[in-house]
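# Chains, contacts and geometry: an overview
Okay, here's what each chain looks like letter by letter:
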Amino acid sequence: MKHIEVVAAIIEKEGRIFATQRGYGDYKDWWEFPGGKIEEGEPPEEALKREIQEELNADISVGELLCTVEYDYPKFHLKMHCYICELLSREVTLVEHEAAKWLALDELDSVKWLPADIEVIENLKRI
């Protein structure tokens, strides 16, 4: 089975969490935390800054690691490092996603999350 290692930004602002809706692939229209693949030799924190710049045209500061999730999708095994982040840019531009929302903790269950992200949601509820 193919192994993919990615990073995800848990961007928090005024008690709300930033969520993005996929606009492509097998899980089109499902919700996820923004981020992406780590390139060979790239530190996870730098990969996350690069991915957010590419996906949201925005800058972030990367804080502590919230959790690392491992999940077996039908076609690959995912290892996802999820970091608490702060948005440094005033605005975001959706480059790859079709929608985005700021969700309060009690609203996190209002969208259809990708399977691997559900464990992240559970960790957020325990903070």
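Here the structure is shown first, and the text comes after it.
In what follows, the accompanying structure is described. Model, not experiment: these values are computed from the prediction. Each residue is numbered by its place in its chain's sequence as written, counting from 1. Per-residue local features of the predicted model are confined to residues with pLDDT of at least 70, and side-chain atom pairs are confined, for both listing and counting, to 80 or more; whole-chain, interface and lining totals are unaffected and use all residues. To obtain the side-chain values, all non-hydrogen atoms of the structure were included, while hydrogens and water were left out.

### Describing the nonpolar core
The nonpolar core is taken to be a set of buried Ala, Val, Leu, Ile, Met, Phe, Trp, Tyr and Cys residues, with the residues joined through side-chain atoms within 4.5 Å. The buried label goes to any residue with under 20% of its type's maximum accessible area, the exposed label to any with over 50%, and the partly exposed label to all in between, with areas taken from a 1.4 Å probe on protein chains only. Ile10, Phe33, Met80, Trp113, Val120 and Leu124 are the most contacted members of the largest nonpolar core, which has 24 residues in total. Of all the secondary structure elements, the ones that give two or more residues to this core are strand E1 (2-13), strand E2 (16-22), strand E5 (60-72), strand E6 (76-87) and helix H2 (115-125). Beyond its immediate sequence surroundings of up to four residues, Leu124 is in contact with Ile10, Ile17, Phe33, Leu66, Ile84, Leu105 and Leu108. Runs of H or I in DSSP of at least four residues are treated as helices and runs of E of at least two as strands, each being numbered from the N terminus. When checking whether two residues touch, look at their non-hydrogen atoms; a contact exists if any pair is within 4.5 Å.

### Observations concerning helix H1 (residues 44-56)
An ideal rise of 1.5 Å per residue puts 18 Å on 13 residues; H1 measures up with 18 Å between its terminal C-alpha atoms. Taken residue by residue, H1 has Ala47, Leu48, Arg50, Glu51, Ile52, Glu55 and Leu56 as its buried positions. Buried residues along H1 sit in contact with E1, E2, strand E4 (35-37), E5, E6 and strand E7 (97-104). Expected span of a helix: the number of residues minus one, times 1.5 Å.

### Some words on the environment of Leu48
Summarising the element assignment, Leu48 is placed in helix H1. Taking the relative accessible area as the measure of exposure, Leu48 reaches 0% and is therefore buried. A C-alpha to C-alpha distance of 5.8 Å links Leu48 and Val7, two positions 41 residues apart in sequence. Those residues in contact with Leu48 that sit more than four places away from it in its chain are Val7, Ala8, Ala9, Pro34, Gly35, Ile60, Val62, Tyr83 and Cys85.

### As for H2
Those residues of H2 not exposed but buried are Pro115, Ala116, Asp117, Val120, Ile121, Asn123 and Leu124. Buried residues belonging to H2 abut E1, E2, strand E3 (31-32), E5 and E6.

### Regarding unusual backbone geometry
In this structure, Glu14 is a non-glycine residue whose phi angle is positive, near 50°. Look at Glu14 and you get exposed, because its relative accessible area is 74%. A positive phi angle, close to 50°, is found at Asn57, a residue other than glycine. Locating Asn57 in the fold gives a position in the loop between H1 and E5. Residue classification places Asn57 among the partly exposed residues on the basis of a relative accessible area of 45%.

### Side note on the packing of aromatic side chains
Each aromatic pair joins two rings of Phe, Tyr and Trp (for Trp, the six-membered one) with centres within 6.5 Å, and gets the label stacked for planes under 30 degrees apart, edge-to-face for over 60, and tilted for any other angle. Using the criterion set out here, one finds six aromatic pairs in the structure. Aromatic side chains Tyr27 and Trp30 sit 5.0 Å apart centroid to centroid with 85° between the ring planes, which places their arrangement in the edge-to-face category. A relative accessible area of 21% places Tyr27 in the partly exposed class. Seen from their ring centres, Tyr71 and Tyr73 are 4.7 Å apart, and the 65° between their planes marks the pair as edge-to-face. On the accessibility criterion, Tyr71 (31% relative accessible area) is partly exposed. Cluster of aromatic residues (ring-pair linked, three or more members): Tyr27, Trp30, Tyr71, Tyr73 and Phe76.

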